[in-house]
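Coordinate inspection notes
Next come the chains, spelled out residue by residue.
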Amino acid sequence: MNIHEYQGKALLKAHGVPVLEGVHCTSVEDALNAYDTLGSKVVAVKSQIHAGGRGKGTLYNPENREHVMDGGVKIAFSKDEVQTYATNILGNILVTIQTGDEGKVVNNLYVEAGCDIAHEYYLALLVDRENKAVLIMASTEGGMDIEHVAENTPEKIHKISVDPNAGLLGYQKRDLGLDLGLQGTALKSFMKSLTSMYNMFVNNDCAMVEINPLVKTGDDQIIALDAKISFDENAEFRHKTWEDLRDLSEEEDVEIRAKETGLSYVKLDGNIGCLVNGAGLAMATMDVIKLYGGEPANFLDVGGGANEEQVKTAFSIILEDPNVKGILVNIFGGIMRCDIIARGVIAATEALSLDVPLVVRLAGTNVDEGKAILAASELNIHPADDLAEGAQRIVELIGGVA
Amino acid sequence: MAIWIEEDAKVLVQGITGKQGMFHADKMVEYGTNIVGGCTPGKGGQTVDLQGKPYPVWNSMFEAIEATDANATVIYVPPPFAAEAIMEAADAFDTVKGEGVVVCITEGIPTLDMVKAVAYVDNRPGVRLIGPNCPGIITPGESGGAKIGIMPGHIHAKGRIGIVSKSGTLTYEAVAQTMSIDEGQSTCVGIGGDPVNGTGFIECLAAFQADPQTAAIVMIGEIGGNAEQEAAAWAAENVTKPIVGFVAGATAPPGKRMGHAGAIISGGKGTAEEKFEAFEAAGIACAKDPSELGAVLLESLKAAGLR
């Protein structure tokens, strides 16, 4: 789960990481008031969306897709400029390298006081699968695309791994600071901020914290100028406040509904809907559809113990996508019995008056009963014995290779 | 022989009085697993009925292991308490016996809980953790065997193919593929699809290489991370038995989590293409479609003079 920069900064601040004064705004009027409140001559006017590359993004009018302004993050030197930028940003679509061509509507703005920057650094905390520990990464190349830095000048990325038994140790913080070339007051300020950030990461079950840039000011203070924070959704049960931080407008409505029913759904661009049990098998099903020349319309895992109702919901979610021209159901029954799935499929096709071709591949527990139930129905359901046959069949039925 | 779990291994069930725990404990007994009881704090002294027979429940894993001399435990505890259950089991096995296998089925455990739990288990070298978020481990026997987890027992048969996989249902698919060419399994291990887990691919490959019953290995990976690439590089140096591989997620878009917490391509890393390349570079025979795993395995067995 991602949160906005302004929410991330409030969290950083609460944990003692220095950030600049800023105000969250949802209207141009708010932004103008914020300028007065901050009392800073120079302010940053920042689009708030759940995607990176905002500064280099482009704003478009949502109605006619006309170009409005370059840059989703602007430095304003007067109240008039704040008005212009806020007007150009709010309600318009911001397209960045991470949003895809459709972009995202900007509903939130952050107006932040300016500061005197001496140097920009990169800092990130994440869970490292290889070491099975929290990893802290830092670089002197702040403000840059870090993947670019990692590829071209990997020696400029410094890493420390936190031993879960010992926690973040003093020498590690010091060494990382020295690697960044920090000394004296700046080094002390960095080490203090790092402790606070690590505590925030652990206390809030973060999945990733990325500060790009982390800056050193003219008077050697370390400040988080940006904050990209995401949480580990598995830990939601112990963080009641996340509900307030969640911006549902940033998430796909249909993916939220799927999740509420215990389904895992991701929309894709193709035209063959898939309904599968198990994440690995669901991915493999998409792969095999593609292998036989089709394009999957979605990833959909109904989980290990789906009932008739969930199968029905899964079908209705797949069919909401107007691109879907056919559906492939692939179930390897373990705990889930094929006869139950077969009944669910029939109930769903009848209830939703399905009018696209449907291929059903069943295997595993009670497979013969399941197949018999499908065969006995009057519905236009095409059976398949294995995944390859199922994929080939559905590709043929929707009129061949895409 | 098999790996880690013998056919007659004595198995405890943590969370045995819960709905999931009881359901699966019953299925395990039905398969022939030597279940010796379970653990639910606060319900010690009670019994649960599995396949018409009573099984004892203990309050703690220490008591349960002392009373039964169990070899393994399987965890069906809800996510908020699962990491603690892993650590309790690891501590108890280590203290009482110096060894034991902990299988965690639970899906949805917070990643930082697993960071802590894995470090805890790693400090107890005699204890092995399998999972979490996995189907478990099964060593099929002549009749019955040791099924420790949620996999459908009836699709398996004793044999000489070792299977290791990140994914549940895709493991079943691999099992069915071995059966389609008249081969059974030595042991099948589901290592789970979470970013931080216990036993990894390399440990499984090493154990299968050392196991006289295992003649060939099927390895199923998925997108995210680089465990598959590391395992492939390791296998190239250390495994002489034929390996057949598949990686799920070739069509998954970057940045979208595909059901499993670990199945996400981030920063262009962990793609299926990258993993297939690593497999091929290591001499692992790849199937581009899981329905071809049987055929590819048969070819590999023939090439090795095993068929």
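The following paragraphs examine the structure supplied in this document.

Cut-offs applied
- Residues numbered from 1 in each chain as written.
- Chains lettered and ligands numbered in written order.
- Predicted model: local features only at pLDDT ≥ 70, side-chain atom pairs only at ≥ 80, totals over all residues.
- Heavy atoms only, no water.
- Helix = DSSP H or I, 4+ residues; strand = E, 2+ residues; numbered from the N terminus.
- Contact = heavy atoms within 4.5 Å.
- Salt bridge = Lys/Arg side-chain N within 4 Å of Asp/Glu carboxyl O.
- Polar contact = N/O pair within 3.5 Å; in protein donor to acceptor, adjacent residues only side chain to side chain.
- Nonpolar A, V, L, I, M, F, W, Y, C, P; charged D, E, K, R; others polar.
- Pairing = 2+ DSSP bridges.
- Axes fitted to C-alpha atoms, helices over the stretch in contact; angles between N-to-C directions.

What follows covers the environment of His260(B). In this structure, His260(B) sits in the loop between strand S13 (243–248) and helix H8 (272–281). The spacing of His260(B) and Gly224(B) is 36 residues in sequence and 9.6 Å in space, taken between C-alpha atoms. Discounting residues that sit within four places of it in the chain, His260(B) has contacts with Ala279(A), Gly280(A), Asn133(B), Lys166(B), Ser167(B), Gly193(B) and Glu222(B).

Once that is clear, we can look at the interface of chain B and chain A. When the parts of a complex come together, some accessible area is lost, and that lost area is often used as the size of the interface. Listed by partner, the interface residues are 56 residues for chain B and 48 residues for chain A. For the interface between chain B and chain A, the tally reads 3 salt bridges. A salt bridge links Glu173(B) to Arg361(A); the nearest nitrogen and oxygen atoms lie 2.7 Å apart. Taken together, chain B and chain A are joined by 16 residue pairs in polar contact (both at pLDDT 80 or more). Among the secondary structure elements, those contributing two or more residues to the side of chain B that touches chain A are helix H1 (19–31), helix H4 (111–122), helix H5 (168–180) and S13 of chain B. In terms of residue count, H4(B) provides more of the side of chain B that touches chain A than any other element does, 6 residues in total. Classifying every residue of the side of chain B that touches chain A gives 28 nonpolar, 19 polar and 9 charged.

Moving on, we get to the sheet that holds strand S1 (residues 10–14) of chain B. All names here are of chain B. Spatially, the 7 strands line up as an open sheet ordered S3-S4-S2-S1-S5-S6-S7, and their pairing is mixed. Two strands lie at the open edges of the sheet, namely strand S3 (47–50) and strand S7 (127–130), each paired on one side alone. This sheet shows a mean twist of 30° between the axes of neighbouring strands, independent of strand direction. Pairing between strand S5 (residues 72–75) and strand S6 (residues 100–104): 4 bridges, direction parallel. Within S6, the residue paired with Val 74 across the bridge is Val 103. Packed on one face of the sheet, helix H2 (residues 61–68) meets S1, strand S2 (34–39), strand S4 (53–58) and S5 and runs near 160° to S1.

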